[in-house]
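Structural features, examined
Residue strings, one per chain:
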There are 2 protein chains.
Amino acid sequence: MDISPLQQARYAYQPKLPAILRKDITSIAPAFGEATGAATDADAVKALFPHTYGMSRVTFTEGDNQAITARRNVGVILSGGQAPGGHNVISGLFDALKAANPENILYGFKGGPSGILEDSYQIITSEFLAPYRNTGGFDIIGSGRTKLETQEQFEICAKVCKKHDISALVIIGGDDSNTNAAVLAEYFLEKNHGIQVIGCPKTIDGDLKNEFIEISFGFDTATKTYSELIGNIERDANSAKKYWHFIKLMGRSASHIALECALETQPNICLISEEVEANKQSLVGIVEDIAQAVSARALDGNNFGVVLIPEGLVEFIPEIKALIDEINHLLAKEATAFNALTDSDQRVAFVSSRLSKSSQAVFTILPDEIQKQLLMDRDP
Amino acid sequence: MDISPLQQARYAYQPKLPAILRKDITSIAPAFGEATGAATDADAVKALFPHTYGMSRVTFTEGDNQAITARRNVGVILSGGQAPGGHNVISGLFDALKAANPENILYGFKGGPSGILEDSYQIITSEFLAPYRNTGGFDIIGSGRTKLETQEQFEICAKVCKKHDISALVIIGGDDSNTNAAVLAEYFLEKNHGIQVIGCPKTIDGDLKNEFIEISFGFDTATKTYSELIGNIERDANSAKKYWHFIKLMGRSASHIALECALETQPNICLISEEVEANKQSLVGIVEDIAQAVSARALDGNNFGVVLIPEGLVEFIPEIKALIDEINHLLAKEATAFNALTDSDQRVAFVSSRLSKSSQAVFTILPDEIQKQLLMDRDP
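These numbers come from a predicted model, not from an experiment.

Turning to the overall build of chain A, a few remarks are in order. Tallying secondary structure elements over chain A gives 17 helices and 10 strands in all. C-alpha extents for chain A along the principal axes are approximately 70 × 55 × 45 Å. Taken over 380 residues, chain A has a buried fraction of 40%. Taking as baseline every contact in chain A between residues at least 6 positions apart, the subset at least 24 positions apart corresponds to 73%. With the model as given, the accessible surface of chain A reaches about 20800 Å², and the carbon-plus-sulfur share is 54%. Taking the average place of the 34 positive charges on the side chains of chain A and the average place of its 49 negative ones, the gap between the two points comes to 2 Å.

Dropping the structure here:
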C-alpha cells in the first residue's frame, strides 16, 4: 500500500529520549542503588514479596556493558484499556533489543494476558512494526482484561516463556496489571525460573505515579487531544455567544485529566471530584455553584461558557456515595422482593420508601431516568 | 499577555496564496471577461436584477494598477454560523487594503448584519487583528442571523456606509446572506449609492459551490478535524475490538462532509442522504443494510466498526419525509383538538390514528421518544 508523506513523516519520527538512552547500548550500564521499599505497610508487603522486596533501585549510567549483547528473547503483553504511547513502548523495546543483538527476538503476545496463556503470539519484526510507530491505540498486538493471578496461570507463563527461550516478560498495564506483574515476578524468583518481569505503568487517567514515575504514558496525549477540542469549543462558544457547553472528561477515580485540561484551556468552570469530596459538597451545592457562575456571567452580558466535568464526579459527592452504598445494600438484602417487581416505577417507589431519610431526600431530587439507572445492575 | 511559541507560530503563519495574489498589489490588475449569467431561470433572475445581471466576470492578471492605491474605506460583516477561515478572510482583506494604501480603514461591523444597522463597529488594526490570525471561529467581530432584506434596512446600510466613507461592503455568509448581498448590490447600483457589495461564500457543509467556486471556506478544516477524530475512533475500535461506533456528522441538507470524511478515513459504513433519497430507501431498509454489514463482519470475528451518519439523514428518507409532511399538515389542521391533549401518550395516539396507512406504519416502528419529538414545535 502506498503511504502518504504525512504517514511517512509520522513513522519516521524519533521520540525524544533522555540523554543516557541516546548513547550506544553497550555504553549504558545499570547502577544499583538503595533498596526499594513500600510507601506504606512495609512489613505486610515484605511478607508477601519475600524474594523481591528490597531489591535495588536501578539507574542507567555511562559505562561499558558488553553483557547486553548476549542473545535473548523477550515477551511483551498489553493489558487493559488502550492508551496512546503503547506502540512507542513496544517500538522502544524492539529497537533496544535489536541494537543489543540483531538476533534477539521480541514476542508480542496477542490479545492481552490471555495471549501468553494460549501461546498466541506475533513475532515483532521491523517490517511488522513500521506502520505502528508513533501511532495511538493498542492494535499492534491487541490488549485484553484477563488477569494473571493464579499459580496455575503463572506455571503456564513459565512454560510458554521457556518454550520460546524468553528470559524477560514486559507487562504494559494499569495498577491491577502491575500488581499482578509484581506477584508473577515474586513467583518466578521463588521458583527459580530465571525469567525477569518488567511492569510498565500505563493509565490515561494519570493517577499511577510516584516520586520515580513522573507520569504514565497516555495522559499527555489524552489531555492535549482533549484540550485541542475544548479550545475549539471555547472558540465556538465565544463566536456563537449563546450556548453553555458541559463537557464530560475521562477520569472515574481521579480528576487529573480535568485539572490538566483546565490549566491548558482555562474554561469558565472546572469541577474537581477530589475537591468536591474534601469540601463535602452536596449535589444541590454543586448545581448552585454552577448556576451562580452562569448568572454572574449573564450580568456581564455573557450568556455562554464552558464547564468541564470529570466522569466520576457523582461517586465523589458524599451524599450520593452514601445513597449508592445504601441502595447496593438494600438490593442485596431485599433482592427477592425487589426482583418480583417488574414495573420500574414500582421499583423506584420500593427503594425510595426503604431509604434513610437523608438518602431519600437525595434520591427524590434525581431525575426519573437517573433513579432507574441507579437500580440497575452495575460494575461495583 | 505572554504568548506561547506555538501561538507565535500560529499567528505568523502565511496561508498559501494563488501565484497572482503573491505579487505587489499595484501589479495585480482586474481583467473583465464574459458576461455572467444565471444557471437556471435566466429571464426571471435578469428581471429581478436589472442593474447587476450580466456584469463581467473579473479575473486578476499581472498589469499596472496604480488606481488601487487610492484611499478608501471598506466594511466587513460576518453572517450566520461560524466557520474556520473567517478570520483569515478578514486578515486577507485587511492586508490587501493596507498594502494598497496604509491610510485605508477596515470597519468590522459587530455581531453580524445587525452591526451595520446599529452602526456598531470595530476598526480593524494590525494590533487588534494579530491574535485572530489563523484561528477558527467568528469571535473577532462576532456574527449574527439578522437578514438584510428590506428597503428600509438597505437605506440604513447606505447611510452608515456614507457616514464612514465606506465604498465597499464585504458580506461573509451562506446562501441566504449571499442572496441578500446580491439584492443589496442591485439596490445600491439602482440608487447610485456608489457602494460595492462583495459576497464571500461561507458554509461548512460544502454545498455552496459552482464551476468558479471550488469550495467555500470552512469545509476543509471541518472535514480534516472530523477525520482526525474519526481516525482516532477507528484506531480505538480496532484496539478494543468490541464496539461499533455510530458517528453523527454535520450536514443537514447535504452529505458532502460525510462523503469527504469517508474518503479520508474509510469507515466500515457511511450513509449518504442523497443516495438514500435517490434509491428511495426505507428506514427499515437502511437498518437492515447496517445489520447485514455488522453481521458480515461478525462472521469474520470482527465485532467492531465505525458508521458515519450525516445529521440530516432522516429528512431524506422518502417515507419519513412524507410522514413529517403529514404530521405538519395534521397538526396545523387539528391544532385545537391536539393542543387540548396534555398527555404525550394521548397526543401520540391522536396523531397515529389520523395518519394515512403508510405513514402510520412508519410512525409505529419509531421509538416512543422519537414519536414525541416529531410532535413538538420545530424549525420547518
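On to the interface of chain A and chain B, then. Many structure descriptions define interface size as the accessible area lost when the parts assemble. Contact residues are listed per partner, giving 20 residues for chain A and 20 residues for chain B. Across the interface of chain A and chain B, roughly 1400 Å² is buried in total on both sides, 42% from carbon and sulfur atoms. The three residues of chain A that bury the most area against chain B are A:Gln82, A:Arg235 and A:Ser239, which together make up 41% of that side's buried surface. Counting across the chain A and chain B interface gives two salt bridges. Among the ionic pairs, A:Arg235 bridges to B:Asp139, the shortest N-O distance being 3.0 Å.

Let us look at the relation of the copies chain A and chain B. Note on the chain copies: they are related by a rotation about an axis and a translation along it. Superposing chain A onto chain B takes a rotation of 180° plus a shift of 0.0 Å along the axis, which leaves an RMSD of 0.1 Å. The transformation relating the two chain copies, once decomposed into turn and shift, fits a two-fold axis. Considering only C-alpha atoms, the residue of chain A closest to the rotation axis is A:Leu229, which sits at 4.9 Å.

Attention now goes to unusual backbone geometry. All names here are of chain A. Backbone geometry at Asp41 places phi at a positive 50°, although glycine is not the residue there. Mapped onto the elements of the fold, Asp41 is located in the loop between β1 (28–35) and α2 (42–48). Given a relative accessible area of 57%, Asp41 falls into the exposed group.

Looking now at the pairing of strand β10 (residues 305–310) of chain A. Residue and element names in this part refer to chain A. Along β10, five of the six residues are buried, which leaves the element largely enclosed by surrounding structure. Here strand β9 (residues 269–270) runs beside β10; their pairing, made up of two bridges, is parallel. Looking across to β10, one finds that Ile269 is bridged to Val307.

Next up on the list: the pattern of salt bridges. All names here are of chain A. Across all of its chains, the model carries 22 salt bridges over all chains by this definition. Measuring nitrogen to oxygen at the nearest pair gives 3.8 Å for the salt bridge that ties Arg57 to Glu34. Of this pair, Arg57 sits in strand β2 (residues 56–62) while Glu34 sits in strand β1, and the two are 23 residues apart along the sequence. Residue classification places Arg57 among the partly exposed residues on the basis of a relative accessible area of 31%. A residue is classified by how much of its surface remains accessible, and Glu34, at 47% relative accessible area, is partly exposed. Between Lys147 and Asp176 there is a salt bridge; the shortest N-O distance is 2.9 Å.

The next point concerns the confidence of the model for chain A. Per-residue pLDDT for chain A has a mean of 94; in total, 99% of the residues score no lower than 70. At the level of chain-chain contacts, confidence expressed as ipTM amounts to 0.88, with global pTM at 0.89.

Residues and elements named next belong to chain A. Taking strand neighbours across the sheet as the criterion, the five strands line up as β5-β4-β3-β6-β7 in an open arrangement whose pairing is mixed. Of all the strands in the sheet, just β5 (121–124) and β7 (196–201) have a single pairing partner and so form its edges. Going across the sheet, the axis of each strand differs from the next one's by a mean of 25°, ignoring polarity. When strand β6 (residues 166–173) meets β7, the two strands line up parallel, connected through six bridges. If you follow Ile171 over to β7, its bridge partner there is Gly199.

What follows deals with the environment of A:Val294. Looking at where A:Val294 falls in the secondary structure, it is placed in helix α11 (residues 283–299). A:Val294 sits in the partly exposed class, given a relative accessible area of 25%.

Turning to the packing of aromatic side chains, a few remarks are in order. The final tally for this structure, using the stated rule, is 10 aromatic pairs over all chains. Considering the side-chain rings of B:Tyr107 and B:Tyr121, the 5.1 Å spacing of their centres and the 65° angle between planes classify their relative orientation as edge-to-face. Of this pair, B:Tyr107 sits in strand β4 (residues 105–109) while B:Tyr121 is found in strand β5 (residues 121–124), placing the two residues 14 residues apart along the sequence. What makes B:Tyr107 buried here is its relative accessible area of 8%. Centroid distance B:Phe338 to B:Phe350: 6.1 Å. Interplanar angle 55°. Geometry classified as tilted. Here B:Phe350 lies in helix α15 (residues 344–354) and B:Phe338 lies in helix α14 (residues 335–340), a separation of 12 residues in the sequence. Exposure remark for B:Phe338: the relative accessible area of 4% places this residue in the buried category. Connected via pairs of aromatic rings, a cluster forms that spans A:Tyr107, A:Phe109 and A:Tyr121. Directly above the aromatic system of A:Phe304 lies the positively charged group of A:Arg297, at a separation of 4.9 Å from the ring centroid.

Mapped onto the secondary structure, B:Asn180 falls in helix α7 (residues 175–190). Excluding its chain neighbours within four sequence positions, the residues that come into contact with B:Asn180 are B:Lys147, B:Leu148 and B:Glu149.

Another aspect to go through is α11(A). Residues and elements named next belong to chain A. With 17 residues, α11 should cover 24 Å at 1.5 Å per step; its first-to-last C-alpha distance of 24 Å lies within 8% of that length. Regarding α11, the residues found buried are Leu283, Gly285, Ile286, Ile290 and Arg297. Where α11 is buried, its residues contact β8 (244–249), β9, α10 (273–278), β10, α13 (318–333) and α16 (357–365). Gly301, located one to two residues past α11, shows a positive phi value of around 80°.

Here the focus is the sheet that holds β5(B). Residues and elements named next belong to chain B. If you trace the five strands from one edge of the open sheet to the other, you get β5-β4-β3-β6-β7, paired in mixed fashion. At either margin of the open sheet sits one strand with a lone partner, and together these are β5 and β7 (196–201). Direction aside, the axes of adjacent strands within the sheet are offset by 25° on average. Bridging between β4 and β5 involves four bridges; their strand directions are antiparallel. Paired with Gly108 across the two strands is Gln122, which belongs to β5.

Take the domain arrangement of chain A next. Residues and elements named next belong to chain A. For chain A, the assigned domains read domain 1 (5–203), domain 2 (219–316) and domain 3 (318–374). With 10 residues of domain 2 in contact, the opposing surface of domain 3 contributes six residues. Here domain 2 is connected to domain 3 by zero salt bridges. Inspection of the domain 2/domain 3 interface yields one residue pair in polar contact (both at pLDDT 80 or more). Contributing elements (two or more residues each) for the side of domain 2 that touches domain 3: α10, α11 and α12 (313–316). A total of three residues in the side of domain 2 that touches domain 3 trace back to one element, the largest contributor, which is α12.

Calculation rules
- One numbering rule holds for all chains: residues counted from 1, following each sequence as written.
- To read the labels, note that chains go from A and ligands from 1, taken in the order they are written.
- In keeping with the model being predicted, local features are shown solely for residues with a pLDDT of at least 70 and side-chain atom pairs are shown and tallied solely at 80 or more, while totals for entire chains, interfaces and linings include all residues.
- Side-chain metrics rest on all non-hydrogen atoms present in the structure, leaving aside hydrogens and water.
- Starting at the N terminus, helices and strands are each numbered in turn, a helix being any DSSP run of H or I of at least four residues and a strand any DSSP run of E of at least two.
- Here's how the labels work: a residue is buried when its accessible area is under 20% of the maximum for its type, exposed when over 50%, partly exposed in between, all with a 1.4 Å probe on protein chains only.
- Contact between two residues is taken to exist if any of their heavy atoms lie within 4.5 Å; hydrogens are not considered.
- Residue burial considers only the protein chains on display, and all accessible areas are found by Shrake-Rupley using a 1.4 Å probe.
- Positive residues here are Lys and Arg, negative ones are Asp and Glu, while His and the chain termini are left out of the count.
- Here the site of a charge means atom NZ of a Lys, CZ of an Arg, CG of an Asp or CD of a Glu.
- Once two parts are brought into contact, the accessible area they lose, counted with a 1.4 Å probe and summed over both, makes up the buried area.
- By salt bridge we mean one thing: a side-chain nitrogen of Lys or Arg within 4 Å of a carboxyl oxygen of Asp or Glu.
- Only residues with pLDDT of at least 70 in both copies count here: their C-alpha atoms drive the least-squares fit that superposes the copies.
- By definition, two strands form a pair when at least two bridges between them are found by DSSP.
- Scored from 0 to 100, pLDDT records how confident the predictor is in each individual residue.
- Only the stretch in contact is used when fitting a helix axis, every axis being a line fitted to C-alpha atoms; angles between N-to-C directions are given from 0 to 180 degrees.
- The rule is short: rings of Phe, Tyr and Trp, with Trp giving its six-membered ring, pair when the centres are within 6.5 Å, and they are stacked under 30 degrees, edge-to-face over 60, tilted in between.
- Charge-over-ring placement is defined geometrically: NZ (Lys) or CZ (Arg) within 6 Å of the ring centre, and within 35 degrees of the ring normal.
- Here a helix's expected span is defined as the number of its residues, less one, multiplied by 1.5 Å.
- Here the limits of each domain have been adopted from an automatic or database domain assignment.
- Throughout this description, a polar contact denotes any pair of N or O atoms lying within 3.5 Å of each other; where both atoms belong to protein, one of them has to be capable of donating a hydrogen while the other can accept it, and for residues adjacent in sequence the pair is counted only when both atoms sit in side chains.

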